[in-house]
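Residue-level listing of the chains:
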Number of protein chains: 2
Amino acid sequence: MLSNHLQNGIETAKMVWSRIPNAEEGDHEHAGLLRKSDGSSVESLEYEVVENHAYWEEQDQRGKLFLVYYVVVKWFFALLIGIGTGLAAVFINLSVENFAGWKFALTFSIIQKSYVAGFIVYVLINLVLVLSSVYIITHFAPAAAGSGIPEIKGYLNGVDIHGVLLFRTLIGKIFGSIGSVGGGLALGKEGPLVHTGACIASLLGQGGSTKYHLSSRWLQIFKSDRDRRDLVTCGCAAGVAAAFRAPVGGVLFALEEVTSWWRSQLMWRVFFTSAIVAVVVRTAMGWCKNGNCGHFGSGGFIIWDISGGQEDYSFEELLPMAIIGVIGGLLGALFNQLTLYISYWRRNHLHKKGNQVKIIEACLVSLITSIISFGLPLLRKCSPCPDSDPDSSLECPRPPGMYGNYVNFYCSKEKEYNDLATIFFNTQDDAIRNLFSAKTIHEFSAQSLLTFLVMFYTLAVVTFGTAVPAGQFIPGIMIGSTYGRLVGMFVVNFYKKLSIEEGTYALLGAASFLGGSMRMTVSLCVIMVEITNNLKLLPLIMLVLLISKAVGDAFNEGLYEEQARLKGIPLLESKPKYQMRKMTAKDACRQRVVSFPRVVKVADIVSILQSNKHNGFPVIDHTRTGETLVIGLMPRSHLLVLLQSKVDFQHSPLPSDPRPGSRPIRHTPSEFVKPASSKGISIEDIHLSSDDLEMYIDLAPFLNPSPYIVPEDMSLTKVYNLFRQLGLRHLFVVPRPSRVIGLITRKDLLIEDSEESDTVELQSTSVRSRHRDRSMLRNGDAESPLLNVLVQGHTSS
Amino acid sequence: MLSNHLQNGIETAKMVWSRIPNAEEGDHEHAGLLRKSDGSSVESLEYEVVENHAYWEEQDQRGKLFLVYYVVVKWFFALLIGIGTGLAAVFINLSVENFAGWKFALTFSIIQKSYVAGFIVYVLINLVLVLSSVYIITHFAPAAAGSGIPEIKGYLNGVDIHGVLLFRTLIGKIFGSIGSVGGGLALGKEGPLVHTGACIASLLGQGGSTKYHLSSRWLQIFKSDRDRRDLVTCGCAAGVAAAFRAPVGGVLFALEEVTSWWRSQLMWRVFFTSAIVAVVVRTAMGWCKNGNCGHFGSGGFIIWDISGGQEDYSFEELLPMAIIGVIGGLLGALFNQLTLYISYWRRNHLHKKGNQVKIIEACLVSLITSIISFGLPLLRKCSPCPDSDPDSSLECPRPPGMYGNYVNFYCSKEKEYNDLATIFFNTQDDAIRNLFSAKTIHEFSAQSLLTFLVMFYTLAVVTFGTAVPAGQFIPGIMIGSTYGRLVGMFVVNFYKKLSIEEGTYALLGAASFLGGSMRMTVSLCVIMVEITNNLKLLPLIMLVLLISKAVGDAFNEGLYEEQARLKGIPLLESKPKYQMRKMTAKDACRQRVVSFPRVVKVADIVSILQSNKHNGFPVIDHTRTGETLVIGLMPRSHLLVLLQSKVDFQHSPLPSDPRPGSRPIRHTPSEFVKPASSKGISIEDIHLSSDDLEMYIDLAPFLNPSPYIVPEDMSLTKVYNLFRQLGLRHLFVVPRPSRVIGLITRKDLLIEDSEESDTVELQSTSVRSRHRDRSMLRNGDAESPLLNVLVQGHTSS
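These numbers come from a predicted model, not from an experiment.

**Student:** Where do I start with the nonpolar core in this structure?
**Tutor:** The nonpolar side chains of a soluble globular protein tend to be buried, and buried together. Within the largest apolar cluster, 301 residues are counted, with the highest numbers of intra-cluster contacts made by A:F436, A:F473, A:I541, B:F436, B:F473 and B:I541. Setting aside residues up to four positions removed in sequence, A:F436 forms contacts with A:W304, A:I306, A:I477, A:S481, A:R485, A:G503, A:A506, A:L507, A:A510 and A:T532. Of all hydrophobic cores here, the second largest spans 44 residues; its members include A:L749, A:I751, B:L572 and B:L722.

The structure is reproduced here in structure tokens:
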């Protein structure tokens, strides 16, 4: 029983909004890093609201043809993301391997004459590379520091952090990680590649970078945040697929670690993107095999192929493997805690002093890393080469300038090698390959491994949080495989007769540390298998991961969650908190509700927007009988757009004529789309004359007429599930309803697809007969006289 | 402003309900197969409602200790499911391999003397095995027929089909599939193993089978449907992991194909279960290697290891591979359509004539299969053995009684083999191994492969839907690898110089057919890699799957969806239908709402329950001012429990005293738990005296006080997403609210964990400072005088 003008207002709103099925879902909030005026750099969150009229509106205008175009572009973008990320990965890999390879080749050739000169050259090259990286980050793309995974995770959870997905971030990430990884720091390029993939996806989603005039109007069809989020998910998967050459691992990483709302349709597209990446990377590597790529070229598609290693295992080995799991959990949790403390300290005491400090810090870290990695092997006595096995392809010492085990470094005799230099004075990929390598029993001494473990762990902790792009996968694998190999050495000594490879234990160690630090399970497991090509170790990897994750979970949260929390990214966990069980929806509403009438004075809007930070306002109208009625939700961003454009201002305080056609459409839907790469408008940016302030706006056409609602005394756990699983931003808490108009059950939602029913006649038979049954039942109801007393059959109000 | 007694009623209800955060989510509807009185067997759906007070209630009673116990049991059950499913798989495999191996050994030894006698023995053994299978199914466990995957999918989507998860179904499935697979029918044991895993999980979930007195009260703690569903999901994953010895594939299968509501916490447990299965199966197989298992013992953990095959591929091969994808899509879609027609025809014309017909049908199919698989190879001329390669371990002809390529069957000379018999007159595992085998170029003639393809495809279609346990994975792999190898032969002939293995194409063919029929992507891909141990083919498998799924999707839905639809299982798809965009919530309500007052006469309840099939009823109360107010949802099943027990009947038509403690608790929560293995009570089963009918019941303590609500004019797409993603059964459609009490945003739901905040002091700093910021903002709001005009701050009503 709505009054007429009210009904009209709602209808007007529905003209726009009823065609936006998912506009509310998964839209993003905007977490700006607000620097408080008192100078403290503790981050504060500022929320903005995004609404998207655009996509469905346009779709309706253009009809079926647009739908086809939309689907085609969606898949074309998945293809482009795959190609782009694949090429970026190849470029980064090529550059890093060439820089690092050239660096080591030069150093090795110089140390034949003078170790001091070699040391100076080595330190300087590293310094220059790191300096270039930190300069790019501090002066050009500050958002590209770190791994970027917590930020992407936040984005996909619904929190938009400014600057994370810009074109400059992409560029900074690519070139910055070449510098930092090539410069020999204790960090990896895998996390940054995930961020790179996400940036590429996001840029495609907005149709290119508008700032750098690389955009195309034809590709700007992804205006809902949901579509953009889907693309970014594809980008993440592509990043992992490219980093580890592990396409299935990429899909699972995107699924398990980064996304919050997953749909199975999306899986299909993510899978496609990963497949494309695999093909691109493989093709590029095939091209490199012909020697076109300099120092890059020795590796196959599998990064650390250990398929020639241990094939079987006995029960006695399960205990040492479980011990590896426990160590991984402990060291991983410790790593998370230490990095958290250091990041916290760094943010509060170091980085707020400006870019200069950041640059000096990174250079210092580089210097220390160079000194340790060059100096420590010098202190180590060389070992004689093992008796060479004619079948084995391993040479000892390895030929100068080549990759391989048994590095001859500061050794007095020809047939000797330095085991510490083999892992320390080497590229990371090669060091890991050496640690994983089978058929090299007793290559490393326990002392060297322990030294390396302690030093590298410390370096990894210290390096974490410097202002360079930095991934934690490779350091994690390095640390884990070191203690894994250490355990393996003891096992080999203990169970003498078994065919045990130390390399297997190194692999398990790597899995355990990553599990203990990042707390991933399925995806990590698949990634480990895909990078080592030994499926037979799968059950062992699973076992180790289970233990290390369980042990780690006893101490703290995963690395990315901890970092996200530190960065003030409010991730909604998948599980509601325990204490929510005793709370109701009303208990959670901590803000006073500020609502608007349907037609509102411009001056009122301005003062309300200035006086609070709310991002959504209920709009309330009155029926002619004086009853109030909530007609929808007005997002702040829409109000700002309306205030800025001024075209909808009117002199009359009465609702505008709602009849379709009588009102010119003054706004194109795309005006309400949030620009992905900027912060959007602020109320301070809008200047209105005093005449303008006296005008009115009818909000009805611009509001969301049916936001999700919950009754005030609903359990907060239920509310939480609703909010998180649908990816909402706003939820109205309303009084208990006075009556129930209808009841929707599963069968009410099983609507036959009318278009398909002709072709698949057979299949729908059962559905149709169900319909018949139901209508019979309904007649049955009506015949019962008693029912009429109790029935509340409001078929129309 | 609720009146007192109303508030009390709601409070009473909340005593029970507010502690059930997920009771509404994911509870099940019950689809009974109702045979209509007119004799037509078209299925009709009958819904029942399940509500679960039990778990949270009990948990609160017993407190923290119970919570620990609950978590321990949850993981213990995951362990048990893993062990149970692993052992079941080993048992089935052992039996099948032994029956089949013994059958072939016997037949081969007889045909040395007489082919006629051998034929008769072969046919008879097959017939006996199939007969035993179909007898078990028809007389003991009718729900065990078919693969069971559509039913499990339905169960996990929220539709409970009677009999699918009983103990007898489990037994029938295990022994039935031994008979049907051992009997040489064109079906596999993989689908049934998924069902087996699900049954084991479900039985554990209800603490054992009550009917067979195998239950334990200590294990009966899983009373919510959500817990049971989680266990069944674990069971599915375990089934796949055991069937294919593919643990990661199992996790992904459960995720991609069967579940509808996935939570990442669950992934962790599913993963654990799969790992256990892998360990169990591997251990059992290690034990078999010592020759303890008869004919079973030759296989390794990898079913069809092709890691020795093709390692690399060139660009020229992508075209024939794409062609394989297209063929797979076409043949897969055709398979789905044909099986759909045949199942439909069978159900309507054959199976309703009774068990006799089903038995005769299965025997006939067995007879035809035997005749074809024995007879066709007889017609085929033998080929001479290829020049033996001294390096190769392949013998030609294979030694009698052993597995291997090159079967000598009806050949005149010693050094000859029959290529059709090699795939047709063999166990399925062995036939596939032969088709996948590398280094056996020109083993099969195109003619033989084509003959086999046509005959086996027909057999698979005809066999589908007979009353025996039947999986479609193995037939799919057989069909696919046949045409794959066929294409491979042409490719080998065409690109002569490339190192192409026909076996690789057979593998791709298998992937393409499964993709075209079942429409899985990631899980299938991982399964294919895990069963063949060749990671390098991963990108190719992905490519082929993408093409075949896309081609198949152009024609019809996946096999399981089609079958579920035919069986009348109303699966809610993940995507809302297109036409829902133009509908509102009210449009979907096709039933008249029948509601109860708070205190209702027993006679009224009975007549309402008799006169309709609704499963949920709104309960409406009146305030003292005469306003009506919806106080909750009363499920039919609770009403039935109340009617049956009678202890809550009262003489007064006034609400009972709601003060806690004043009312004895007459019901244990477990009374409201739905028995998993029966249909529950029906209104016809309850007999009440005329005195009883005059009594009253106060419904307040038993209703769900806050079901999810949607406003009447919300877009149906939004409603659909809400309904499906939260796994609801009932949704109240209510009028637009008259006011907004509060607005919940992301930050309102970021509640600090008070227990943790002491230990992780550092981490919460940023959160706390945000709180401070917010409270400052709030004070800012209050200072603005203009706001007070527009603010609607109902902090309490």
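Having seen the structure, we can now continue with the description.
**Student:** What am I meant to see in the pairing of strand β11 (residues 731–734) of chain A here?
**Tutor:** Both faces of the sheet carry side chains from a regular strand, because those side chains alternate between them. Side chains A:L731 and A:V733 project from β11(A) onto one buried face, and the interleaved A:F732 and A:V734 project onto a second face that is buried too. Here strand β10 (residues 709–711) of chain A runs beside β11(A); their pairing, made up of 3 bridges, is parallel. Among the inter-strand pairings, A:P711 is bridged to a residue of β11(A), identified as A:V734. In terms of handedness, the path from β10(A) via helix α25 (residues 716–725) of chain A over to β11(A) forms a crossover that is right-handed. Pairing analysis gives 3 bridges linking β11(A) to strand β12 (residues 742–744) of chain B, with the strands arranged antiparallel. Within β12(B), the position partnered with A:V733 by the bridge is B:G742.

**Student:** Sorry if this is basic, but what is going on with the environment of A:S448 here?
**Tutor:** Residues and elements named next belong to chain A. You can see S448 is positioned in helix α15 (residues 446–463). Each C-alpha atom, one on S448 and one on H351, is 35 Å from the other, the two residues being 97 residues apart in sequence. In this structure S448 touches R380, D419 and L420, once residues within four positions along its chain are discounted.

**Student:** Where do I start with the state of the cysteines in this structure?
**Tutor:** Note on terminology: a disulfide is the covalent bond linking the sulfur atoms of two cysteines. One pass over the full model with this rule turns up 2 disulfides over all chains. Sulfur-sulfur distance for the disulfide between A:C382 and A:C411 comes to 1.9 Å. Here the disulfide of A:C382 and A:C411 is left-handed, its torsion about the S-S bond being about -85 degrees. Taken together, the residues span a long stretch of sequence, with A:C382 in the loop between α12 (355–379) and β3 (383–384) and A:C411 in the loop between β3 and β4 (416–417) at a distance of 29 residues. B:C199 takes part in no disulfide bond, and the closest cysteine sulfur, belonging to B:C236, lies 9.8 Å away. According to the relative accessible area criterion, B:C199 is buried, its value standing at 0%.

**Student:** So what exactly am I meant to see when it comes to the pattern of salt bridges here?
**Tutor:** Note that side chains of opposite charge can pair when their charged atoms are close. All names here are of chain A. One pass over the full model with this rule turns up 32 salt bridges over all chains. D553 is the partner of K549 in a salt bridge, and the nearest nitrogen-oxygen pair spans 3.3 Å. With K549 and D553 both in helix α19 (residues 538–553), this residue pair falls 4 residues apart, about one helical turn. Classification of D553 by relative accessible area gives partly exposed; the value is 37%. Within this structure, K153, E257 and E561 form a network of salt bridges that share partners.

**Student:** How should I be thinking about the packing of helix α17 (residues 502–518) of chain B against helix α19 (residues 538–553) of chain B in this particular structure?
**Tutor:** Residues and elements named next belong to chain B. Their axes nearest at 8 Å, the elements α17 and α19 cross at an angle of 35 degrees. Between α17 and α19 lies a crossing whose hand is right-handed. Residues L507, L508, A511, S512, G515 and G516 of α17 form the contact with α19, whose own contacting residues are L540, I541, V544, L545, S548, K549 and G552. A class-by-class count of the residues in the contact of α17 with α19 yields 7 nonpolar, 5 polar and 1 charged.

**Student:** How should I be thinking about the packing of helix α15 (residues 446–463) of chain B against helix α16 (residues 473–494) of chain B in this particular structure?
**Tutor:** Relative orientation and spacing of two packed helices are given, respectively, by the angle between their axes and the distance between those axes. Residues and elements named next belong to chain B. As a packed pair, α15 and α16 sit with axes 9 Å apart at the nearest point and diverge in direction by 155 degrees. Accordingly, the angle class assigned to the pair α15 and α16 is roughly antiparallel. At the point where α15 passes α16, the crossing takes the left-handed sense. Here α15 contributes A446, L449, L450, F452, L453, F456, Y457 and A460 to the contact with α16, which in turn contributes P475, M478, I479, T482, Y483, R485, L486 and M489. Here the residues of the contact of α15 with α16 sort into 14 nonpolar, 1 polar and 1 charged.

**Student:** I keep staring at the UniProt feature "transmembrane region" (unreviewed entry) in chain A and nothing clicks. Help me out?
**Tutor:** Residues and elements named next belong to chain A. Following the UniProt record, one finds the feature "transmembrane region" (unreviewed entry) at residues 67–94, 114–137, 231–254, 266–285, 318–339, 449–467, 473–495 and 507–531. A distance of 11 Å separates the end C-alpha atoms of residues 231–254, which is 92% helix and 0% strand. Across residues 449–467, the secondary structure splits into 79% helix and 0% strand, with the terminal C-alpha atoms separated by 29 Å.

**Student:** Would you explain the sheet that holds strand β5 (residues 596–597) of chain A in this entry?
**Tutor:** Where strands meet in a sheet, backbone hydrogen bonds hold them as pairs that are either parallel or antiparallel. All names here are of chain A. Read across the open sheet, the 3 strands follow the order β5-β7-β8; overall the sheet is mixed. Single-partner strands in this sheet number two, and they are β5 and β8 (628–635). With 2 bridges joining them, β5 and strand β7 (residues 616–622) adopt parallel strand pairing. Counterpart to F596 in the pairing with β7 is V619.

**Student:** Explain the side chain of A:K189 here, please?
**Tutor:** Residues and elements named next belong to chain A. With respect to the element layout, K189 can be found in the loop between α6 (167–182) and α7 (190–205). Although K189 is buried, it forms no salt bridge, and the closest oppositely charged side chain is D429 at an N-O distance of 4.1 Å. Within polar-contact distance, the side chain of K189 engages the side chain of N93 at 3.4 Å. Residues within four places of K189 in sequence aside, it is in contact with I92, N93, V96, V181 and D429.

**Student:** Could you clarify how one ought to interpret unusual backbone geometry in this entry?
**Tutor:** Note on backbone geometry: most residues besides glycine have negative phi, and most peptide bonds are trans. Residues and elements named next belong to chain A. The backbone of R245 sits at a positive phi, close to 50 degrees, despite the residue not being glycine. Among the residues examined, R245 registers a relative accessible area of 7% and is labelled buried. Despite not being glycine, R519 has its phi angle at roughly 65 degrees, a positive value. Structurally, R519 is set in the loop between α17 (502–518) and α18 (522–532).

**Student:** Where do I start with the packing of aromatic side chains in this structure?
**Tutor:** The geometry of an aromatic ring pair is captured by the separation of the ring centres together with the interplanar angle, meaning the angle of the planes. Within this structure, the stated rule accounts for 52 aromatic pairs over all chains. Seen from their ring centres, A:Y457 and A:F513 are 6.2 Å apart, and the 80 degrees between their planes marks the pair as edge-to-face. Taken as a pair, A:Y457 in helix α15 and A:F513 in helix α17 lie far apart in primary sequence, 56 residues in all. The pair A:Y457 / A:F513 is uniform in exposure class, with both members buried. Consider the rings of B:F494 and B:Y495, whose centres lie 5.3 Å apart with planes at 80 degrees: the pair is edge-to-face. Taken together, the ring pairs in this structure connect A:F104, A:F108, A:Y115, A:F119, A:Y122, A:F374, A:F409, A:Y410 and A:F425 into an aromatic cluster. Taking the ring centre of B:W268 as reference, the NZ or CZ of A:K549 above it sits at 4.9 Å. A cation over a ring is seen here: A:K718 above B:Y708, with NZ or CZ 5.5 Å from the ring centre.

Thresholds, definitions, all that
- Residues numbered from 1 in each chain as written.
- Chains lettered and ligands numbered in written order.
- Predicted model: local features only at pLDDT ≥ 70, side-chain atom pairs only at ≥ 80, totals over all residues.
- Heavy atoms only, no water.
- Core = buried A, V, L, I, M, F, W, Y, C linked by side-chain atoms within 4.5 Å.
- Buried < 20%, exposed > 50% of the residue type's maximum accessible area, 1.4 Å probe, protein only.
- Contact = heavy atoms within 4.5 Å.
- Helix = DSSP H or I, 4+ residues; strand = E, 2+ residues; numbered from the N terminus.
- Pairing = 2+ DSSP bridges.
- Right-handed = clockwise from strand over helix to strand, strands pointing away.
- Disulfide = S-S within 2.5 Å.
- Salt bridge = Lys/Arg side-chain N within 4 Å of Asp/Glu carboxyl O.
- Axes fitted to C-alpha atoms, helices over the stretch in contact; angles between N-to-C directions.
- Left-handed = near helix turned anticlockwise from the far one by under 90°.
- Nonpolar A, V, L, I, M, F, W, Y, C, P; charged D, E, K, R; others polar.
- Parallel < 35°, antiparallel > 145°, perpendicular 65-115°, else oblique.
- UniProt positions renumbered as here; feature names shortened; annotations may be inferred.
- Lys, Arg positive; Asp, Glu negative; His and termini not counted.
- Polar contact = N/O pair within 3.5 Å; in protein donor to acceptor, adjacent residues only side chain to side chain.
- Phe/Tyr/Trp six-rings, centres within 6.5 Å; stacked < 30°, edge-to-face > 60°.
- Lys NZ or Arg CZ within 6 Å of the ring centre and 35° of its normal.

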